[in-house]
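# Structural features, examined
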Amino acid sequence: MNFAKMLSQAYSNVGLKMIPFETPIFYIEPIIKLTEEQEEQLLEGDGQKNRNEYKQINSSTGLAVNYYKVLEDTGKIEELQFEKKVEKPLKIKGGRCANLDVTYKKEGKLFYVESKFLEPYYSSNEHNTASYFKKDNYDVPDNDKDAWYALLVDAQNYKIYNFSQICRHLMAIWRKHKEDKLLKIVFQSVMWKMTEKFISTIEDEEKQEILRARIKFIDEESKSCQHRINDFLNQIGWNNLTFECVYYNEIVEDISSSKYYSEFRKRYFL
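A few points on the structure.

Conventions used here
- Residues numbered from 1 in each chain as written.
- Predicted model: local features only at pLDDT ≥ 70, side-chain atom pairs only at ≥ 80, totals over all residues.
- Heavy atoms only, no water.
- Helix = DSSP H or I, 4+ residues; strand = E, 2+ residues; numbered from the N terminus.
- Rg over C-alpha atoms; globule rule 2.2 N^0.38 Å.
- Buried < 20%, exposed > 50% of the residue type's maximum accessible area, 1.4 Å probe, protein only.
- Contact = heavy atoms within 4.5 Å.
- Phe/Tyr/Trp six-rings, centres within 6.5 Å; stacked < 30°, edge-to-face > 60°.
- Lys NZ or Arg CZ within 6 Å of the ring centre and 35° of its normal.
- Pairing = 2+ DSSP bridges.
- Axes fitted to C-alpha atoms, helices over the stretch in contact; angles between N-to-C directions.
- Salt bridge = Lys/Arg side-chain N within 4 Å of Asp/Glu carboxyl O.

The next subject is the overall build of the chain. A count of helices and strands for the chain gives nine helices and seven strands. Here the C-alpha radius of gyration of the chain, 19 Å, is about what a compact globule of 270 residues would show, namely 18 Å. The principal-axis extent of the C-alpha atoms belonging to the chain is close to 60 × 45 × 35 Å. In the chain, buried positions account for 53% of the 270 residues. A fraction of 68% describes how many contacts in the chain between residues 6 or more apart in sequence connect residues 24 or more apart.

The next point concerns the packing of aromatic side chains. Two aromatic rings, taken as a pair, are described by how far apart their centres are and by the angle between their planes. Inspection of every chain in the model, using the stated rule, returns 21 aromatic pairs. Taken together, a centroid distance of 6.0 Å and an interplanar angle of 20 degrees make the contact between Y11 and F269 stacked. With Y11 in helix α1 (residues 3-13) and F269 in the segment after α9 (261-267), this pair connects stretches of sequence that are 258 residues apart. Assigned by exposure class, Y11 and F269 land together as buried. Relative to F198, the ring of W192 has its centre 5.5 Å away and its plane inclined at 85 degrees; by these criteria the two rings are edge-to-face. With relative accessibility at 1%, the residue W192 sits in the buried group. Residue F198 is classed as buried on the basis of its relative accessible area, which comes to 0%. In this structure, K135 packs its charged tip against the face of Y149, placed 4.9 Å from the ring centre.

What follows concerns the sheet that holds strand β4 (residues 99-106). Taken in spatial order, the five strands of this open sheet run β3-β4-β5-β6-β7, and their pairing is mixed. In the strand order of this sheet, the two ends are held by β3 (78-85) and β7 (241-247), each with one partner. Strand after strand, the sheet turns through a mean of 20 degrees between neighbouring axes, direction not considered. Pairing between strand β5 (residues 109-116) and strand β6 (residues 185-191): seven bridges, direction parallel. If you follow V113 over to β6, its bridge partner there is Q188. Packed on one face of the sheet, helix α3 (residues 60-73) meets β3, β4, β5 and β6 and runs near 165 degrees to β3.

Looking now at the environment of L80. Looking at the element boundaries, L80 is found in strand β3. For L80, a relative accessible area of 5% gives the class buried. For the pair formed by L80 and T103, sequence separation is 23 residues and the distance between their alpha carbons is 5.8 Å. Ignoring any residue separated from it by four or fewer positions in sequence, one finds L80 in contact with Q38, Q41, Y68, K69, E72, V102, T103 and Y104.

In the structure shown here, the tally under the stated rule is 16 salt bridges. In this structure, K105 engages E79 in a salt bridge whose closest nitrogen and oxygen atoms are separated by 3.6 Å. A residue pair is termed long-range when its members are at least 10 positions apart, and K105 in strand β4 and E79 in strand β3 qualify at 26 residues. Linking E196 and R212 is a salt bridge whose minimum nitrogen-to-oxygen distance equals 2.8 Å. Residue E196 is located in helix α6 (residues 196-199), and its partner R212 is located in helix α7 (residues 205-236); the two are separated by 16 residues in the primary sequence. Several salt bridges converge on common partners, so that one network encompasses D139, R175 and K178.

And the structure:
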């Protein structure tokens, strides 16, 4: 299914102003403009090829920018950054730092967010490379290496939910903050759950049912992932980090006090 084409048609139907780019891709301006500093941070991210990349209507980064800029507008969070390079997951030469879509602080806690928009509806769980299954590459206490290895092995068994990427990010956060025992950290996987309002824009009923089945499967895997990782955190005694799998659909009420609330809901079929 061509989700970009579907989005452009749906946006056209409700009168959202788009900028033509390359069919079926259109740009749309962010709900709230980034600060110059935030835009520069964003451009340093691995997935941003140019200044308009995140403005694509089907952009996962664009969804994150729109939600968290509106959340920032409510005054509930501070120190908002996008595309934060945290740390390299493994203690080996080469490789890239893990790139977290969003970081911010709230009520004394540091939040890291991995954001997904349409990816779960057309892509699958990535398998980690062989270097992640060599325990000598782990920058963790020796007593915890078996637990990390078992977590990475389990991640391979997930079909759609990108558990493998979550593991890489978790390793990077550990390396970055392993000495920060008093810092409260929340790591969130935040996804957009495809809504019936969006599905109804698809004329083919068979495709509608395929997507509904996929939504159910993603929901099951995300709940399983949250349970598995929090069991793992308890196992190794990483007590100052909490992991959560949530949907934008669930946290949209956190921006209900913003004047941009209705615009965000309209743009993402909520």
